[in-house]
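# Chain and residue survey
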Amino acid sequence: MEREVPQQVKQVQHFRGRTLPAAALVGVLTILLLSTAACTAGQSSLSRGEGFIQAKGSDTMVNLAQMWAESYMQSNPEVVVAVTGGGSGTGISAMINGTASIANTSRAMKQKEQEQAAAQGIDVVENIVALDGIAVVVHPDNPVEELTLDQLAGIFAGEITDWGDVGGTPGPIVILSRESNSGTHVFFKEHVLNRGDSKGGVEYAPEALLLPSSQAIFEEVSQNPNAIGYVGMGYVLSGVRALKVSRGEGLPGGSPSIETVQDDSYPISRPLYIYTRTDSSQDVLDYLDWIRGPEGQEIVRELDFVPLKQEDTT
Amino acid sequence: MSGSNSPGERLARWIIFASGVLAIGVIALIFVFLLRDSISFLQTYSLVDFLTGRNWYPISEPPVYGLLPIILGSLLVTVVSIVIAVPLGVGTAVYLAEVAPGWLRELLKPLIEVVAAIPSVVLGFIGLTLLAPFLQQALGLDTGLTALTGGIVLAFMALPTIITIAEDAISSVPRAHRQGSLALGATRWQTTSRVVVPAALSGISAAVMLGIGRAIGETMVVLMVTGNAAVMPTSLGAVLGPVRTLTGTIAQEMGETVFRSQHYYALFAVGLVLFIITFIINWIADFVLHRFQESE
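In this report, the structure presented in the accompanying data block is examined. All values derive from a computational prediction rather than experimental measurement.

### Points about helix α4 (residues 102–115) of chain B
Residues and elements named next belong to chain B. For α4, spanning 14 residues, the distance from its first C-alpha to its last is 21 Å, which sits close to the expected 20 Å at 1.5 Å a residue. For α4, the set of buried residues is Leu-104, Lys-109 and Ile-112. Buried residues of α4 fall within an arc of 125 degrees about the axis and therefore sit on the same side. Opposite the buried face of α4, by more than 90 degrees, sit the exposed residues Trp-103, Glu-106 and Val-114. Contacts made by the buried residues of α4 are with α3 (68–99) and α6 (147–171).

Spelled out as structure tokens, the structure:
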């Protein structure tokens, strides 16, 4: 009887020792094979191949870019446009290393990224394709109607932590931010927390929840009366309420809308960009012209972004 | 013995040897690359600041890479999931192996294994839309995206692994043990708790360790339901607040980093820390296993 125990122990160890590395090995090999295949496929078809446009970047823009692509492909069946998200930074690095021909971004390229493109010998063209208001959203039951930029900065930096301090029902403020790979995260930090000074050094509070998508912020705000978050205007759907934002105490505040963003009375808005390479194919150039033309801009309006003013489009 | 030198035998032996070497080689290479890129990072950033810093602001000027709240966040979520999954998992395994009638066991075992096949993103989505609001209301929390939420979903993911392996270990305890114990006048419960479970303990610990491995390495779920806030967990109450984990940090930020920038290397250093933590857990597991074997 005493001897049988080690045997049983051995059996289990036997199971651990042999099956797991074998399974791991198969897994590793599969991943290696797949990634090699993906790399080669990426190199051959995603560079400036005929009739194929890979657009990658901002999650804020991903629905817009998808609609552009679908609508464009209907009228131009010889062109295929594939759209993926992942964040503005992801899109720019994909364009620089050649796996995407178009980078959709919700922020301008950073100095470092410009240098990187230059180091690879790539000239980059910046195109403004739409405008976007950043809406500050709260739960519909939250009584707060309007905040100033200073109050917003105080909340997101963690200096104001109670709704009672900004005219609401006393209770903890739960800050929702996007992850640092999001253009919206960077824009909000620069323009609200640091009031336009990119080296201002004010940080989001460490308590801020960093959520992986605008959808996740929408979900959490619609469920949590304590929460405050920021999303692109297109994400202001029923279930959350956009606050009015003013530039200061006593100054008039506006809700985010096409008119207030176009005439700049709403203080938190930004251009949306498409970056391309100067040596882009004719397909890409035609697509860009179409996006900036009336049809593309109509889709911008349908998706609750802000179309370019007419004089900007020419 | 006659076949041991036949060509087929030699070929088989060679293939098995090669796959063994390859598996070890791949792991060694992963470690080498992690180490190389981590060293690139540590040449530009102090190791002490990296491991003990309390703030994680990778895209600021200048960037701050303080990993301590994130290491603690990962450990916190893992501990919560173990505290939930181990008693449930081992209890279920004992029930299946010792108590449940045969037909019920045949029904439950495949069902439990199906749970292991649910994609983690689906579990994360359920956690985000059902569990998080429920916990927030039930416990009166500021937000439902907490270490507890993550731990519960991870426990659910680790359960099938723990149950399956622990049940195998318990079932393979020889019949003679049970019969001997019962013959000496022990009750069924005494037999189970004093004879069968101790005899299967090394297998059960293996099951628990594999479950822990699953929990600490899981990414998608924690990304979706833990809130990803790099807050320093200072007390046990942090379980009811948001945390940021090592895996979530790498997954979320790797896509954005500029290739070969300091941030890029910093994420490799995060990977190295995760690798070392996993290594230590495995090492402790082995140590514990050997102790049990010696004391038997």
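After presenting the structure, the write-up continues.
### Observations regarding the sheet that holds strand β11 (residues 253–254) of chain A
All names here are of chain A. Here three strands make up an open sheet; going across it, the order is β5-β10-β11 and the pairing mixed. Whereas interior strands pair on both sides, the edge strands pair on one side only; in this sheet they are β5 (146–148) and β11. Alignment of β5 against strand β10 (residues 244–246), held across three bridges, turns out to be parallel. Its bridge partner lying in β10, Leu-147 is registered against Val-245. Against the sheet, helix α5 (residues 149–157) makes contact with β5 and β10, and its axis sits at roughly 85 degrees relative to β5, the strand it touches most.

### Section: the packing of aromatic side chains
Tallied over the entire structure, the rule returns 17 aromatic pairs over all chains. Judged by centre distance (6.4 Å) and plane angle (10 degrees), the rings of Tyr-287 of chain A and Trp-290 of chain A are stacked. Here Tyr-287 of chain A and its partner Trp-290 of chain A are both found in helix α9 (residues 282–292), three residues apart, which amounts to about one turn of the helix. On the accessibility criterion, Tyr-287 of chain A (2% relative accessible area) is buried. Joined through ring pairs, the aromatic side chains of Phe-41, Tyr-45, Phe-50, Trp-56 and Tyr-65 of chain B make up one cluster.

### Quick word on the pattern of salt bridges
Inspection of every chain in the model, using the stated rule, returns 13 salt bridges over all chains. With a closest N to O distance of 3.4 Å, Arg-36 of chain B and Asp-37 of chain B form a salt bridge. With relative accessibility at 7%, the residue Asp-37 of chain B sits in the buried group. Linking Glu-98 of chain B and Arg-178 of chain B is a salt bridge whose minimum nitrogen-to-oxygen distance equals 2.7 Å. Taken together, the positions of Glu-98 of chain B in helix α3 and Arg-178 of chain B in helix α7 (residues 175–183) put the pair 80 residues apart, joining distant regions of the chain. Judged by relative accessible area, Arg-178 of chain B falls into the buried class, the value being 17%. Each of Glu-179 of chain A together with Arg-244 and Glu-253 of chain B takes part in one network of salt bridges that share partners.

### A closer look at the interface of chain B and chain A
Taken residue by residue, the interface counts 50 residues in chain B and 46 residues in chain A. Buried area between chain B and chain A, summed over both chains or domains, comes out near 4,000 Å², and the portion from carbon and sulfur atoms is 60%. At the surface where chain B touches chain A, the tally comes to one salt bridge. Glu-179 of chain A is the partner of Arg-244 of chain B in a salt bridge, and the nearest nitrogen-oxygen pair spans 3.0 Å. Where chain B touches chain A, the interface holds 10 residue pairs in polar contact (both at pLDDT 80 or more). Where the side of chain B that touches chain A is concerned, the elements lending two or more residues are α1 (7–42), α5 (120–139), α6, α7, α9 (201–217), α11 (246–254) and α12 (262–295) of chain B. Looking at the side of chain B that touches chain A residue by residue, the class counts come to 27 nonpolar, 16 polar and seven charged.

What counts and how
- Residues numbered from 1 in each chain as written.
- Chains lettered and ligands numbered in written order.
- Predicted model: local features only at pLDDT ≥ 70, side-chain atom pairs only at ≥ 80, totals over all residues.
- Heavy atoms only, no water.
- Helix = DSSP H or I, 4+ residues; strand = E, 2+ residues; numbered from the N terminus.
- Expected span 1.5 Å × (residues − 1).
- Buried < 20%, exposed > 50% of the residue type's maximum accessible area, 1.4 Å probe, protein only.
- Arc of directions from axis to C-beta.
- Contact = heavy atoms within 4.5 Å.
- Pairing = 2+ DSSP bridges.
- Axes fitted to C-alpha atoms, helices over the stretch in contact; angles between N-to-C directions.
- Phe/Tyr/Trp six-rings, centres within 6.5 Å; stacked < 30°, edge-to-face > 60°.
- Salt bridge = Lys/Arg side-chain N within 4 Å of Asp/Glu carboxyl O.
- Buried area = accessible area lost by both parts, 1.4 Å probe.
- Polar contact = N/O pair within 3.5 Å; in protein donor to acceptor, adjacent residues only side chain to side chain.
- Nonpolar A, V, L, I, M, F, W, Y, C, P; charged D, E, K, R; others polar.

So, to be careful, I would describe these as geometric facts and stop short of saying anything about function.
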